[in-house]
Amino acid sequence: MFDTLVIGAGWAGLTAAARLTEAGQRVQVVEKSRGPGGRSATRRDDKNRFDHGAQYFTARSAAFGRQIQQWRDDGWIEKWTPRLAVLGGDGGHRDTENVQRFVAVPGMNGVCRRLAEGLECRFRSRVERLEFEAHWTAMLEDGEVIEARRVLVTAPPAQAAALLGPTHPLHGELAGTVFHPCITLMAAFERALEPRFDAAFVNDDPTLDWIARNSSKPGRSGECWVAHATAEWSRAHLEEDVESLAAALAPALCARLEVPEASLKSVAAHRWRYAQAAAPRQDGVLVHAEQRLVVAGDWLAGSRVEGAWSSGRKAADWLAGTG
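Presented here is an overview of the structure given in this document. Not measured: the values here are computed from a predicted model.

1. Structural notes on the pattern of salt bridges
Alright, step 1. Overall, the coordinates contain 17 salt bridges when judged by the stated rule.
Alright, step 2. With its nearest N and O atoms 3.1 Å apart, the salt bridge here joins Asp3 to Arg149. Separated by 146 residues along the polypeptide, Asp3 in strand β1 (residues 2-7) and Arg149 in strand β11 (residues 145-153) bring together distant segments of the chain.
Alright, step 3. The partly exposed category is assigned to Arg149, whose relative accessible area is 35%.

As C-alpha cells, this is what we get:
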C-alpha cells in the first residue's frame, strides 16, 4: 500500500509528489497521458517542437521566485525575451516589456519531466473510480487496483467530481466549477519568416487571442508558431475534428503574420477542454480531512503555472501532516 496516491502528473501533482517523497512517503503518481506536463505540454512533429499549452511562466511571489532561480541554476529553465506586441489596444496588457518570462527547456514540459524522473510514475494509466473505506482504493481502466492511505487529485474539477462520484461531499463544488476551453493551432512554415513580433496578445480578433513564435524560445528551432483561439471561438467549435479546427485557424494566423497560406508546411490543432478557470479561486486546496483527501490545481490558486506549483506545495504540506 502506498502512503499517497497522486492523480495527475502536471505541475501541481508532481510538485506535491516530489515534496512528499522528500518527506519520506512512498508516493505513486498516475497519469492518463503518455508523459508528464499536463497543460504545460510540448508536441514534437518531425524536427519541429510546439509548446501547445502554457506558453511561459512568471513569478509573483518571493517563494516561486526562489524556485525559479534554483531551476535556472540547474539548467532546467531559461529566460524568454520575445519582441512582444499587443494588437488591437492594450487590453490591460500594460506591463509587457517589464515582466520577466521563463520557459522550460527544451520544451515547456521540461521541468515536469525532470521532476517525474525521481518519482514512481505510471503513464497511460487512467483511474476510473475512487473508493474510500478506511483507506483509498483506485480502480484503473485496465482492471488493476492501487491502494493508498491518502489521495491527491489534480485532475480538472469536472473529472475530479466524476472520480469521486455524485454522493461525495466535494462533488457539487467540483462539478460546479466552470472552465474556459481553448483550441491551439500549431503551424510550421517552409522557410524563415520576418515577422515584426515574436509573440502577441490579440485584442481585436474574434478568433485568436495569442500568437507566439515557438522557435524564438531558448532551445527551440525551425519556423514554428503557436496560436490560441479565444474562449468564445473555442467553445463554439469544441466538438469539431482537429483537422477542421486547424484548417479554420490557419488563415487567421497567416493574416496576422502577413504571409500567404501557401507558405505553411504543416498545421495541427489540439483542444483543451479545461484550459482556464472562469473564476479562479485562492483557497490553494480543497480538503476532506476524514478521508485524507486533497484536491489541488492552478484553478485553486489564481491559475498560472505559479498557482499550480503553490497549490501542489500546500497539498503536500497538508498530506505530510496527516496520519
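Following the structure, the description resumes.
2. So, the packing of aromatic side chains
Alright, step 1. One pass over the full model with this rule turns up 13 aromatic pairs.
Alright, step 2. On the numbers, 6.0 Å between centres and 50 degrees between planes, the contact of Tyr56 with Trp210 is tilted. Note that Tyr56 is positioned in the loop between β4 (48-51) and α2 (62-74) and Trp210 in strand β14 (residues 208-213), a separation of 154 residues in sequence.
Alright, step 3. Ring centres of Phe179 and Tyr274 lie 6.1 Å apart, and the angle between their planes is 80 degrees; on these two criteria the pair is classed as edge-to-face. You can see Phe179 sitting in strand β12 (residues 179-189) and its partner Tyr274 sitting in strand β16 (residues 264-277), a full 95 residues away along the chain.

3. Topic: the sheet that holds β12
Alright, step 1. Taking strand neighbours across the sheet as the criterion, the six strands line up as β6-β13-β14-β15-β12-β16 in an open arrangement whose pairing is mixed. Of all the strands in the sheet, just β6 (84-87) and β16 have a single pairing partner and so form its edges. Averaged over all pairs of adjacent strands, the angle between strand axes in this sheet comes to 15 degrees, irrespective of strand direction.
Alright, step 2. For β14 and strand β15 (residues 224-229), the ladder comprises five bridges, and the chain directions are antiparallel. Looking across to β15, one finds that Arg213 is bridged to Trp225.

Reading guide: rules and limits
- Residues numbered from 1 in each chain as written.
- Predicted model: local features only at pLDDT ≥ 70, side-chain atom pairs only at ≥ 80, totals over all residues.
- Heavy atoms only, no water.
- Salt bridge = Lys/Arg side-chain N within 4 Å of Asp/Glu carboxyl O.
- Helix = DSSP H or I, 4+ residues; strand = E, 2+ residues; numbered from the N terminus.
- Buried < 20%, exposed > 50% of the residue type's maximum accessible area, 1.4 Å probe, protein only.
- Phe/Tyr/Trp six-rings, centres within 6.5 Å; stacked < 30°, edge-to-face > 60°.
- Pairing = 2+ DSSP bridges.
- Axes fitted to C-alpha atoms, helices over the stretch in contact; angles between N-to-C directions.

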